[in-house]
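Fold and geometry: a report
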Amino acid sequence: MSYQRNNSYHDKDSGNNYIISQPDNTLITVVIFLVVIGIMAIFSAGSPRAIASGDNPLIFTLKQLAWLAAGIFAAYFLSKYDYKNLRIWAIPACVVVLVLLLMVQFSPLGLMVNEAKRWLAIGPLQFQPSELAKPAVILAVASLFSSNINIFDERKMPFYVLFAAMLFLILKQPNLSMVILLCTTALSMYFVAGGRVKTIVSAIVCAAPVLAFSILGYQKQRILVWLDPQKDPHNTGYNIIQSLVAFAGGGFFGVGFGNSKQKLSWLPEGHTDFIFAVIAEEFGFLGCFFIVCLFTLFAYHGFIAAKRCPDMFGKLLAVGITFSICFQALMNISVASSFLPATGIPLPFISYGGSSLFVSLCMFGVLLNISKKRVQRIKPYVQY
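The text that follows walks through the structure, step by step, so that each part is easy to find. (Residues numbered from 1 in each chain as written. Predicted model: local features only at pLDDT ≥ 70, side-chain atom pairs only at ≥ 80, totals over all residues. Heavy atoms only, no water.)

**Considering the sheet that holds strand 5 (residues 125–127)**
Judged by pairing direction, the sheet is antiparallel, and its 3 strands sit side by side in the order 3-4-5 without closing on themselves. Each end of this open sheet is capped by a strand with a single partner; those strands are strand 3 (110–113) and strand 5. On average, each strand axis in the sheet is tilted by 35° relative to the strand beside it, whichever way the strands run. As judged from the 3 bridges shared by strand 4 (residues 116–122) and strand 5, these two strands associate in the antiparallel manner. Each bridged residue has a counterpart across the sheet, and for Ile-122 the counterpart in strand 5 is Leu-125. Contacts from helix 3 (residues 90–106) reach strand 3, strand 4 and strand 5, with the element oriented near 105° to strand 4. (Pairing = 2+ DSSP bridges. Helix = DSSP H or I, 4+ residues; strand = E, 2+ residues; numbered from the N terminus. Axes fitted to C-alpha atoms, helices over the stretch in contact; angles between N-to-C directions. Contact = heavy atoms within 4.5 Å.)

The structure is reproduced here in structure tokens:
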């Protein structure tokens, strides 16, 4: 691929000549709003917990800002880096994620938090390798299905083995919500690539026994509590009840920034999984509606970027990134408002968690790269 000073380039894959425009400014604005809201919410919801632990009230905010700085740098780099060159990293990325997931389960570096072994601690750095599985799977599916949609292609078999192993290790943590997110993202990308609906239905039917086994296992109690939280209001139903109290207390306009009562000692995960409930209490229905509108706008412009992209690899990358971020947001908001059983999945760009924020910003950087309009040139291409 050869670049000219007038931002035009020649695509060797398609043989066409294109002029590159600036990235989608609406996407940038949306993410800035989401990140700023997240920093504000983490400061508000995390300060009481930090004080109760004897730490600096700004400890969670400062850690998130550090990850934010790293994420901004990575997003900027990926927005400039030719996304087509990412294709060669598809399978290696999956291998790296698989190794990290194995380290979580079978090495002393794995950390157990809230009865879930999802974290890896390497020196002062703590992160969730399952978060890295999102871009790895998106990259691999886009790479493999952009050339052909034959699901039984022998060249795809190594990825299937890696994907199945990753899902097994993530389910073992346990983290069913991440497994669902990865599978639905892969299926949506396969469908956009031109996959058959019968194949998708068959895949869902095959996965149903695993889902049923998980539900009948450790997820059974969560579903029963979700159906009736008052059965165990002081234990398993506690978070759901307190989250709904926060929604009710916020009303239409909210109680004001920093004035949430639920974050003080009633909502244990107010800065992470249930941060949307704290936002609902402080900013009310209007604040919640604004965040939903931001994610809706993100989805719209992400899919527009996918539609305008001239190559199938870029289209699938854009679809996978957009679907993954927005579907994860939908799951988190649904859990906080009790539309879904409780899961340990963060709200993208907003919840406290460095690995989640960093990965979301990296995927956003790639999406920005793809969002650059590529208008086909009329005049012959002259290579310098």
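**Describing unusual backbone geometry**
Across the junction of Gln-173 and Pro-174, the peptide omega takes the value 0°, indicating a cis bond. Turning to its location among the elements, Pro-174 is positioned in the loop between helix 5 (157–172) and helix 6 (176–192).

**A short note on the packing of aromatic side chains**
Within the structure shown, the criterion is met by 15 aromatic pairs. Aromatic side chains Phe-252 and Phe-285 sit 5.5 Å apart centroid to centroid with 25° between the ring planes, which places their arrangement in the stacked category. Note that Phe-252 is positioned in the loop between helix 9 (238–250) and helix 10 (262–265) and Phe-285 in helix 11 (residues 275–308), a separation of 33 residues in sequence. You can call Phe-252 partly exposed: its relative accessible area is 44%. (Phe/Tyr/Trp six-rings, centres within 6.5 Å; stacked < 30°, edge-to-face > 60°. Buried < 20%, exposed > 50% of the residue type's maximum accessible area, 1.4 Å probe, protein only.)

**As for the environment of Thr-322**
Residue position: Thr-322 is located in helix 12 (residues 312–336). Taking relative accessible area as the criterion, Thr-322 reaches 0% and is therefore assigned buried. In this structure, the C-alpha to C-alpha distance between Thr-322 and Lys-117, residues 205 residues apart in sequence, is 28 Å. In this structure Thr-322 touches Phe-298, Ala-299, Gly-302, Phe-303 and Leu-367, once residues within four positions along its chain are discounted. Among the polar contacts made by the side chain of Thr-322, one reaches the main-chain carbonyl oxygen of Ala-318 at a distance of 2.8 Å. (Polar contact = N/O pair within 3.5 Å; in protein donor to acceptor, adjacent residues only side chain to side chain.)

**Looking at helix 9**
Across its 13 residues, helix 9 extends 19 Å between first and last C-alpha, which sits within 8% of the 18 Å expected from 1.5 Å per residue. Of all the residues in helix 9, the buried ones are Ile-240, Ile-241, Gln-242, Ser-243, Ala-246 and Gly-250. For helix 9, the elements touching its buried residues are helix 8 (220–227), helix 10, helix 11 and helix 12. Downstream of helix 9 by one or two residues, Gly-251 has phi in the positive range, about 60°. (Expected span 1.5 Å × (residues − 1).)

**Considerations on the side chain of Glu-282**
Here Glu-282 is to be found in helix 11. The buried category is assigned to Glu-282, whose relative accessible area is 2%. Among the polar contacts made by the side chain of Glu-282, one reaches the main-chain amide nitrogen of Ser-260 at a distance of 3.3 Å. Among all residues touching Glu-282, those that are not within four sequence positions of it are Ser-44, Phe-253, Gly-254, Val-255, Gly-256, Phe-257, Gly-258, Asn-259, Ser-260 and Lys-263.

**Focus on helix 3**
Taking 1.5 Å of rise per residue, the 17 residues of helix 3 would be expected to cover 24 Å, and the 25 Å separating its terminal C-alpha atoms lies within 8% of that figure. Regarding helix 3, the residues found buried are Ala-90, Cys-94, Val-97, Leu-98, Leu-100, Leu-101, Val-104 and Gln-105. The arc that holds the buried residues of helix 3, viewed along the axis, is 165°, so those residues lie on one side. The elements touched by buried residues of helix 3 are strand 3, strand 4, strand 5, helix 4 (129–145) and helix 5. (Arc of directions from axis to C-beta.)

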